[in-house]
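Results of the structural survey
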Amino acid sequence: MIEEFLTELTWLEGLGTLFGIVQVVLARQNNINTYLFGIVAILMSMWVLYQSALYADILLHMYYLVMSIYGWLYWKYGKQKAEAPISNSTQQEHLKAILIVLGCFGLMSYWLNFHTDSDVPIWDAAVSAFAWAGMWLMAKRKIENWIYLNISNIISIPLLIYKDLYIYAGMSVFLFIMGTSGYLKWRKLMSEENGNAYATA
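Here's what I pulled together on the structure shown here. Here the structure is a predicted model, which means the values were calculated and not measured.

When its secondary structure is counted, the protein shows seven helices and zero strands. In sequence order, the protein lays out its α and β elements as α-α-α-α-α-α-α. Pairs at least 24 apart in sequence give 73% of the contacts found in the protein among residues at least 6 apart.

What follows is the structure in structure tokens.
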């Protein structure tokens, strides 16, 4: 019975990872369909994370779900009912991202420490805090999203190994590599978009 249950979790972990890989590849390509694959990966991951008592990560994935819907709408329509371009974060957006990290870390670490049976409250909270900020910036199509997401990936790799979630740990290594590549790709795309805008001005 236990072996069958663990096999089911491993199967879901692997399938969720596959959808997650497709999602990040599409995000790197600046393809709006990244959100469709992301939603499927999120739903699968939430069940696996619940069984591993990574409660902050579950809340993070619920947030991912909401931001994926918001991000799809923002990427599709933006503020001017036209597709939003890649851009740098403004000073105000930088400040908001930092406040998201600090606020999320404070709330999550308190909740995990005093209201759950988590044995890695600080670690789990740190992963979530940087990912929350990164996902918010991703939804707004800001290039700095890759920096915040990569910090989260670096922290999550040893955490997932500690929790024996080796497939997800490998996924985090892949995400870190793709995050670095994604930043460089988006910077190139942003330069091309700015060049085209200048040429047609």
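Now that the structure has been shown, we can carry on.
What follows concerns the environment of Trp136. In this structure, Trp136 sits in helix α5 (residues 121-139). For Trp136, a relative accessible area of 15% puts it in the buried group. Through-space distance from the C-alpha of Trp136 to that of Ser68 is 9.3 Å; in sequence the pair is 68 residues apart. Apart from the residues within four sequence positions on either side, Trp136 is in contact with Tyr63, Met67, Glu93, Lys96, Ala97 and Ile100.

For the structure on display, the rule yields eight aromatic pairs. Between Phe19 and Phe37 the ring centres are 5.9 Å apart and the planes differ by 35 degrees, which places this aromatic pair in the tilted class. With Phe19 in helix α1 (residues 2-28) and Phe37 in helix α2 (residues 34-51), this pair connects stretches of sequence that are 18 residues apart. Measuring from centroid to centroid gives 6.0 Å for Trp123 and Tyr162, while their planes differ by 35 degrees, and the two rings are tilted. Here the residue Trp123 occupies a position in helix α5, and Tyr162 occupies one in helix α6 (residues 145-162), the gap between them amounting to 39 residues. With relative accessibility at 30%, the residue Trp123 sits in the partly exposed group. Members of the aromatic cluster, connected to one another through ring pairs, are Tyr35, Trp75, Trp146 and Trp186.

What follows covers the pattern of salt bridges. By the definition in use, this model includes two salt bridges. Across the pair Lys142 and Glu93 runs a salt bridge whose closest N-O atoms are separated by 3.4 Å. Here Lys142 is found in the loop between α5 and α6, whereas its partner Glu93 is found in helix α4 (residues 91-115), with 49 residues between them in sequence. Like Glu93, Lys142 is buried. One salt bridge connects Asp119 with Lys163, and the closest N-O pair in it is separated by 2.8 Å. Of the two residues, Asp119 is situated in the loop between α4 and α5 and Lys163 in the loop between α6 and α7 (166-200); the sequence distance between them amounts to 44 residues. Its relative accessible area of 44% is what places Asp119 among the partly exposed residues.

About the cut-offs
Residues numbered from 1 in each chain as written. Predicted model: local features only at pLDDT ≥ 70, side-chain atom pairs only at ≥ 80, totals over all residues. Heavy atoms only, no water. Helix = DSSP H or I, 4+ residues; strand = E, 2+ residues; numbered from the N terminus. Contact = heavy atoms within 4.5 Å. Buried < 20%, exposed > 50% of the residue type's maximum accessible area, 1.4 Å probe, protein only. Phe/Tyr/Trp six-rings, centres within 6.5 Å; stacked < 30°, edge-to-face > 60°. Salt bridge = Lys/Arg side-chain N within 4 Å of Asp/Glu carboxyl O.

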